[in-house]
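One letter stands for each residue in the lines below.
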Amino acid sequence: AFIYNGVGWTVGGWAATYLVGRFGAALLTGTLGSSVFYAFLAAGRFANGPLATRLAPGTLLRLGAVASAAALVALALAPGSVLALVAFGAAGFCLAGIYPNLIAYATDLHPERPGAMAGVISTGGAIGVSVVPFAAGALGKAMGLSAMVWLLMGLGLALVVLAEMAARVGRVRPVQGDL
């Protein structure tokens, strides 16, 4: 949740700055980066619903993490604002299923404590929102906006590793009635 929320809020919050500062895009085009990111995030949440009825939360975490990392790599490598906008949309769409599937996965691990699991995840996300956008902005100021996006890409790759590790854990305690 720390990485998911941190990356999501950084991508959405710094989109205009990135597009204007990195590519010289007009401010209207820059602000479109945030709009595209959040519109595709919403679309991804709608797409996640039917997938969640067919695939396990751990599988969806893996898919979302890998696809998000790929979108962040595309954003880091985008040679211009148009391809960066496409990458912003892809990042939003791919990140969309991570949070709901993380909650589902955590409550599957501890079904007797769904509120506690949601609280832990929300707290991790709140810390990520507090730390990652500031760190990315500080890095961008010190080393350039491209460095900021490379940081996001690195966090996206870390998300892949963490999703893979989490998906291998399995349920910690049996649900009452399990054999």
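Note that the structure is predicted; figures quoted are calculated from it, not measured.

This part takes up the side chain of Ser 68. On the secondary structure map, Ser 68 appears in helix α3 (residues 57–77). Only 3.3 Å separates the side chain of Ser 68 from the backbone nitrogen of Leu 95, close enough to count as a polar contact.

Let's shift gears to the pattern of salt bridges. Side chains that carry opposite charge are capable of pairing whenever their charged atoms lie near each other. Counted by the stated rule, this structure contains 1 salt bridge. Across the salt bridge formed by Glu 164 and Arg 62, the nearest N and O atoms sit 2.8 Å from each other. Here the residue Glu 164 occupies a position in helix α7 (residues 145–169), and Arg 62 occupies one in helix α3, the gap between them amounting to 102 residues. A residue is classified by how much of its surface remains accessible, and Arg 62, at 30% relative accessible area, is partly exposed.

Another aspect to go through is the packing of α3 against helix α4 (residues 81–95). Between two packed helices, what matters for the description is the angle formed by their axes and the separation of those axes. Contact pair α3 / α4: the axes reach a minimum separation of 8 Å and the direction vectors enclose 165 degrees. Judged by the inter-axis angle, α3 sits roughly antiparallel to α4. Regarding α3 and α4, the two cross each other, and that crossing is left-handed. Contacts between α3 and α4 involve Gly 64, Ala 67, Ser 68, Ala 71, Leu 72, Ala 74 and Leu 75 from the former and Ala 84, Ala 87, Phe 88, Ala 90, Ala 91, Cys 94 and Leu 95 from the latter. Its residues placed into classes, the contact of α3 with α4 shows 12 nonpolar, 2 polar and no charged.

With that settled, the discussion passes to the packing of helix α5 (residues 98–109) against α7. Contact geometry of α5 with α7 gives a least axis separation of 11 Å together with a crossing angle of 30 degrees. With respect to each other, α5 and α7 are oriented roughly parallel. Where α5 crosses over α7, the handedness of that crossing is left-handed. Seen from α5, the contacting residues are Ile 98, Tyr 105 and Leu 109; seen from α7, they are Leu 159, Ala 166, Ala 167, Arg 168 and Val 169.

With respect to the helices and strands, the residue Ser 146 is situated in helix α7. For Ser 146, a relative accessible area of 26% corresponds to the partly exposed category. Once the C-alpha coordinates of Ser 146 and Gly 21 are considered, the two residues, 125 residues apart in sequence, prove to be 9.7 Å apart. Those residues in contact with Ser 146 that lie beyond four places of it in its chain are Tyr 18 and Arg 22.

Next up on the list: the confidence of the model for the protein chain. Looking at the protein chain, the pLDDT average stands at 90 and 94% of residues meet or exceed 70. Within the protein chain, α5 has the poorest average pLDDT of any element, 87, and α4 the best, 96. Of the regions scoring below 50 in pLDDT, residues 172–179 engages in 7 contacts with residues more than four places distant in sequence or in other chains.

What follows is about the nonpolar core. One finds Val 7, Val 11, Tyr 18, Leu 72, Leu 75, Phe 88 and Leu 95 to be the most contacted residues of the largest nonpolar core, which totals 42 residues. For this core, the elements supplying multiple residues, two or more each, are α1 (2–23), α2 (27–52), α3, α4, α5, α6 (114–143) and α7. Tallying contributions element by element places α7 first for this core, with 8 residues. Apart from the residues lying within four places of it in its own chain, the contact partners of Tyr 18 are Phe 23, Leu 75, Phe 88, Leu 145, Ser 146, Met 148 and Val 149.

In this section: empty space enclosed by the protein. Remark: the empty space left among the atoms is shown by a probe the size of a water molecule rolled over them. For the structure on display, the rule yields 1 cavity of 30 Å³ or more. Size it by volume and the largest cavity reaches roughly 50 Å³. Lining the largest cavity are Thr 10, Val 11, Trp 14, Ala 15, Tyr 18, Leu 75, Phe 88, Met 148, Val 149 and Leu 152. At 5 residues, α1 tops the list of elements feeding residues into the lining of the largest cavity. Within the lining of the largest cavity, the residues separate by chemical class into 9 nonpolar, 1 polar and no charged.

Criteria and thresholds
- Residues numbered from 1 in each chain as written.
- Predicted model: local features only at pLDDT ≥ 70, side-chain atom pairs only at ≥ 80, totals over all residues.
- Heavy atoms only, no water.
- Helix = DSSP H or I, 4+ residues; strand = E, 2+ residues; numbered from the N terminus.
- Polar contact = N/O pair within 3.5 Å; in protein donor to acceptor, adjacent residues only side chain to side chain.
- Salt bridge = Lys/Arg side-chain N within 4 Å of Asp/Glu carboxyl O.
- Buried < 20%, exposed > 50% of the residue type's maximum accessible area, 1.4 Å probe, protein only.
- Axes fitted to C-alpha atoms, helices over the stretch in contact; angles between N-to-C directions.
- Parallel < 35°, antiparallel > 145°, perpendicular 65-115°, else oblique.
- Left-handed = near helix turned anticlockwise from the far one by under 90°.
- Contact = heavy atoms within 4.5 Å.
- Nonpolar A, V, L, I, M, F, W, Y, C, P; charged D, E, K, R; others polar.
- pLDDT = per-residue confidence, 0-100.
- Core = buried A, V, L, I, M, F, W, Y, C linked by side-chain atoms within 4.5 Å.
- 1 Å grid on protein atoms, 1.4 Å probe; cavity = no way out; pocket = protein on both sides within 12 Å on 5 of 7 lines; lining within 4 Å.
- Points joined across faces, edges and corners; volume = space filled by probe spheres on them.

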